Amino acid sequence: MAAPEVTHLPNLPNDVEGLRQSIRDAVVRVVGEDPRQATERDWMEALAFAIRERMVERRLLTRRQFADEDVKRVYYLSMEYLIGRMLEANLRNMGILEPARQAMADLGVNLDTILDLEDDAALGNGGLGRLAACILESLATQGYPGYGYGIRYEFGMFRQEFEPYHQVEHPDNWLRYGNPWEFPRSDRKYPIHFYGHVVEHHHPRGETRYTWENGEEVLAMAYDYPTAGYGRRNVNNLRLWAAKATRDFDLRYFNEGDYIRAVADKAESETISMVLYPNDATAIGKELRLKQEYFFVSASLQDILDRHLALGYNLDALPDKVAIQLNDTHPAIAVAELMRLLVDCHELSWDRAWDLARRTFAYTNHTLMPEALETWPVELMERVLPRHMGIIYQINHDFLEQVRHRYPGDNDRLARLSIIDEQNGRRVRMAHLAVVGSHRVNGVAALHTQLLQETLFEDFYNLWPERFVNVTNGVTPRLWMIQANPALTELLGQRIGNDWQYDLDRLRALEPYAHDADLQKAFLDVKRANKVRLANLVRERTGVELNPDVMFDVQIKRIHEYKRQLLKLLHVVDLYRRIRAGEDVAPRVVLFGGKAAPGYARAKGIIQVINEVADIVNHDPAVGDRLKCVFFPNYEVSSASIIIPAADVSEQISTAGFEASGTGNMKLALNGALTIGTLDGANIEIRDAVGEESIFIFGMTADEVVEHRRNGPNPEAILAQQPNLAAAVEMIESGFFTCDDPGTHGDLGRYLRHEDPFFVIADYAAYTEACERADTLYADRTAWAEAAILNVARMGYFSIDRTVRDYANQIWDIIPEPVAPSRTNGAA
Ligand code: Z15
């Protein structure tokens with residue numbers, strides 16, 4: 001038993017006076033600057049340090065309580081965490097935003113100025129990465145014992161610039177000033193192996209044993225990011241791994257040249273955690289990517305097993321104390337790695353290990369798109385991870401035995417189910433490995449889960465129907481309402497109190513006031529103020545002037561053909577042509593935002609043509625305020641929180657059957673934007689929740705899309721029937737908007753006429769008709785306000801807290817463990 005003064009945790013004051021003291025001290029003690037000379041950035045750093053020391057106290061209290069209560073923990077394994085800025089979120093969730101604002105003011109510093117200095121932590125691409133960040137925040141907020149594991153990329157998502165029309169990528173050096181939120185844990189390092197070969201050790205009695213020898217080794221070092229819950233003391237942890245060379249990395253040199261080479265190799269081994277691959281929903285077949293995946297999975301599993309054993313549990317209790325969620329197949333090698341650790345390192349029998357692994361893992365699928373499904377050439381896997389390849393063969397062998405028993409003689413089914421795809425030059429299907437190695441598999445919206453069961457995983461569903469569940473995505477109201485939309489938060493507080501902040505279903509209390517004229521006016525005033533806020537930012541970033549009294553029509557998401565930014569662009573061109581022809585069209589501001597993967601030429605072409613059209617439209621004196629088109633550069637979490645509260649209309653117009661869920665759709669609707677959308681992903685559930693009168697649904701359903709494709713689509717025939725659409729396509733391909741390379745717009749015309757893989761042409765008429773319904777409603781301010789208020793009131797289901805409870809109850813079997821105030825450490 002250690003002495004009380006050793007086990008005591010500090011208990012820092014959270015009042016204005018105490019905070020001011022901490023911040024001023026930190027300027028000297030941490031930043032090393034004289035408070036008389038401190039810059040705004042110095043104050044920001046000092047403030048962050050004052051918060052982080054308070055966070056870590058609660059982190060340790062939380063950990064003690066979890067250990068005392070013998071809780072089951074969930075570990076979320078994700079290649080991506082799209083967190084955004086941390087300062088304001090940490091202040092708010094720690095309950096010290098207002099005292100800190102006052103303390104800073106007392107020190108002569110404006111908090112809002114400071115908040116704007118912070119770079120986004122953009123360790124993710126899009127929806128999948130942002131979902132991971134929302135889930136961690138909700139786990140802490142609801143008091144669940146839940147931890148994130150991922151990679152501490154030196155460079156996150158690239159910064160997007162237009163030069164002047166096409167996208168140029170700049171490296172995101174987000175750690176250049178250091179990072180006050182991370183705790184480097186130099187004592188938490190795990191060895192990670194690559195390459196080498198496997199040696200078999202035959203035993204006369206008992207199983208053959210395997211050792212993995214002569215590979216390369218790199219260390220994974222932990223960096224901890226405390227994650228605070230809102231309105232609770234719980235603070236969880238996100239552990240991100242960075243690659244570090246081993247201490248004596250191959251320094252067996254004989255001369256100077258070898259020595260220099262050895263040090264260069266050491267640096268090379270640290271490139272594993274250097275950069276996030278900027279691809280969203282497309283698989284990357286690069287060796288470095290496989291190494292990243294294995295690197296963070298192996299480190300995380302070693303850490304999880306160490307903790308499990310250190311807490312005094314035995315390995316047989318693993319599924320009772322540990323749940324591991326695989327965020328897509330990116331960490332699916334975990335199935336083989338856990339088997340290796342249990343069998344080769346902890347000497348469990350194969351069968352026992354397999355039973356534990358399967359009951360521990362669960363897998364979330366985020367897409368049906370074939371190009372996003374990860375498969376690794378057997379040859380590559382064998383070279384980089386030879387032991388894992390052997391383990392996968394064994395898993396597959398046992399699995400196919402089961403299938404053979406169930407479906408004797410059905411060789412086609414065997415080939416379809418196999419973890420090894422034998423058709424395309426022998427590849428490991430990571431999704432199959434994940435399904436076989438998990439006790440639950442979930443899709444991320446009702447339609448998506450249904451399609452998973454009917455298409456991608458049909459054979460698996462027939463085999464194990466009980467394994468498949470739906471968990472519809474959600475968003476955190478702390479960031480996407482309270483932080484992003486303080487004006488609406490304030491209005492809600494006045495009308496219905498603040499209970500909704502903890503239980504978003506309580507927004508329903510707003511419903512009875514939807515036709516209250518005072519509320520409608522206040523609601524429209526809030527929206528207008530948010531539009532002015534956005535217009536100021538757009539002026540600053542692009543020079544374009546926006547009229548806040550015109551409808552703001554917003555499409556913000558990664559650039560993908562299936563998301564159909566081209567459908568919106570055709571509408572812009574159509575409106576522009578008709579305005580020039582003297583037609584009276586409803587005015588609108590169209591705002592696009594989003595990045596294209598650097599290697600996705602078609603997506604980059606879409607950005608370029610939007611920028612070119614925007615340039616012409618915005619400078620045409622004949623147009624004025626009736627049409628503006630803006631491509632907001634470098635769309636990221638921090639700009640999303642300005643754009644979303646200012647949107648009147650939310651564009652969710654993916655080809656039905658292709659968007660697994662969407663989460664931007666939820667953020668926008670929650671902030672009062674009305675959706676124009678297809679019956680795709682979570683749009684369907686949003687329609688069911690908000691009602692037909694608060695959403696504009698259009699276009700082919702997922703079934704109709706399949707049927708349409710089967711019938712052999714003929715875009716030219718449709719164009720011949722639709723003069724406005726034809727004129728828009730002709731206007732583009734004529735080069736009217738060409739500002740940059742001539743030829744690209746002609747190519748786009750050919751693409752629409754002869755390829756149109758996502759049926760932009762086929763859905764165009766229905767789409768513009770939906771836009772016109774929106775225009776009509778928008779013109780009636782009272783009717784619009786009522787629909788938008790009802791929209792907000794009915795979005796409670798899409799809280800990430802509901803999502804996380806669904807995972808906890810259907811998949812993880814964990815319960816909340818709220819941290820109680822204690823006598824010595826209980827100050828609020
Ligand atoms: C990604 O952001 C998504 C799916 C993927 O397969 C990859 Cl690799 C990245 C998105 C889906 O496209 C989107 O519909 C969904 O809402 C999001 O994941 C979160 O589930």
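About the criteria used
Residues numbered from 1 in each chain as written. Predicted model: local features only at pLDDT ≥ 70, side-chain atom pairs only at ≥ 80, totals over all residues. Heavy atoms only, no water. Helix = DSSP H or I, 4+ residues; strand = E, 2+ residues; numbered from the N terminus. Buried < 20%, exposed > 50% of the residue type's maximum accessible area, 1.4 Å probe, protein only. Contact = heavy atoms within 4.5 Å. Near = heavy atom within 4 Å. Polar contact = N/O pair within 3.5 Å; in protein donor to acceptor, adjacent residues only side chain to side chain. Areas by Shrake-Rupley, 256 points an atom, 1.4 Å probe, with all protein chains shown as cover. Nonpolar A, V, L, I, M, F, W, Y, C, P; charged D, E, K, R; others polar. Domains from an automatic or database assignment. UniProt positions renumbered as here; feature names shortened; annotations may be inferred. Pairing = 2+ DSSP bridges. Axes fitted to C-alpha atoms, helices over the stretch in contact; angles between N-to-C directions.

## Some thoughts on the environment of L752
Turning to step 1, where the next piece is worked out: Residue position: L752 is located in helix α30 (residues 744–754).
Turning to step 2, where the next piece is worked out: Relative accessible area serves as the criterion here: at 2%, L752 is assigned to the buried category.
Turning to step 3, where the next piece is worked out: L752 sits 37 residues away from P715 along the chain, and the two C-alpha atoms are 7.4 Å apart.
Turning to step 4, where the next piece is worked out: The residues touching L752, leaving out its near neighbours within four places in the chain, are L566, L570, P715, V729, V760 and I761.

## Focus on the site of the ligand
Turning to step 1, where the next piece is worked out: With respect to spatial proximity, 16 residues lie near the ligand, and among them D280, H366, N473, E659 and G662 are the closest.
Turning to step 2, where the next piece is worked out: D280 places a side-chain nitrogen or oxygen 2.9 Å from an oxygen atom of the ligand.
Turning to step 3, where the next piece is worked out: H366 is positioned such that a nitrogen or oxygen atom in its side chain is 2.6 Å from an oxygen atom of the ligand.
Turning to step 4, where the next piece is worked out: The protein chains hide 96% of the 450 Å² of surface that the ligand would expose on its own.
Turning to step 5, where the next piece is worked out: Tallied by class, residues from the shell around the ligand come to 5 nonpolar, 8 polar and 3 charged.
Turning to step 6, where the next piece is worked out: In this structure, the shell around the ligand is formed jointly by two domains, domain 2 (70–85 + 120–438) and domain 3 (485–808), each of which donates at least three residues.

## Considering the UniProt feature "modified residue: N6-(pyridoxal phosphate)lysine" (unreviewed entry) in the protein
Turning to step 1, where the next piece is worked out: Residues annotated in UniProt with the feature "modified residue: N6-(pyridoxal phosphate)lysine" (unreviewed entry) correspond here to K667.
Turning to step 2, where the next piece is worked out: Note on placement: K667 falls in helix α25 (residues 664–670).
Turning to step 3, where the next piece is worked out: Residues contacting K667, with those up to four places away along its chain left out, are R130, V475, W480 and I644.

## Considering the sheet that holds strand β13 (residues 361–364)
Turning to step 1, where the next piece is worked out: Reading across from one edge, β7-β10-β11-β4-β1-β12-β13-β17-β18 is the order of the 9 strands in this open sheet, with mixed pairing throughout. Edge strands, defined here as strands with exactly one partner in the open sheet, are β7 (183–194) and β18 (468–470). Across this sheet, the average inter-strand angle for adjacent strands is 25°, counted without regard to direction.
Turning to step 2, where the next piece is worked out: When strand β12 (residues 322–327) meets β13, the two strands line up parallel, connected through 4 bridges. Counterpart to Q325 in the pairing with β13 is A362.

## Examining the pairing of strand β17 (residues 440–443)
Turning to step 1, where the next piece is worked out: As defined by bridge partners, β13 adjoins β17 across 3 bridges and the pair is classed as parallel. Across the sheet, the residue bridging to T364 is N442, located in β17.
Turning to step 2, where the next piece is worked out: Sheet analysis places β17 next to β18, joined by 3 bridges and oriented parallel. Looking at the pairing, N442 lines up with V469 of β18.

## Brief notes about unusual backbone geometry
Turning to step 1, where the next piece is worked out: The omega torsion of the bond from E163 to P164 falls at -15°, within 30 degrees of zero and hence cis.
Turning to step 2, where the next piece is worked out: Inspection of the secondary structure assignment puts P164 in the loop between β5 (159–162) and β6 (167–170).
Turning to step 3, where the next piece is worked out: Its identity as a non-glycine residue notwithstanding, Y195 has a phi of 60°, on the positive side.
Turning to step 4, where the next piece is worked out: By the secondary structure assignment, Y195 is in the loop between β7 and β8 (197–201).
Turning to step 5, where the next piece is worked out: The buried category is assigned to Y195, whose relative accessible area is 17%.
Turning to step 6, where the next piece is worked out: Not every positive phi belongs to a glycine, and A281 is a case in point at roughly 60°.

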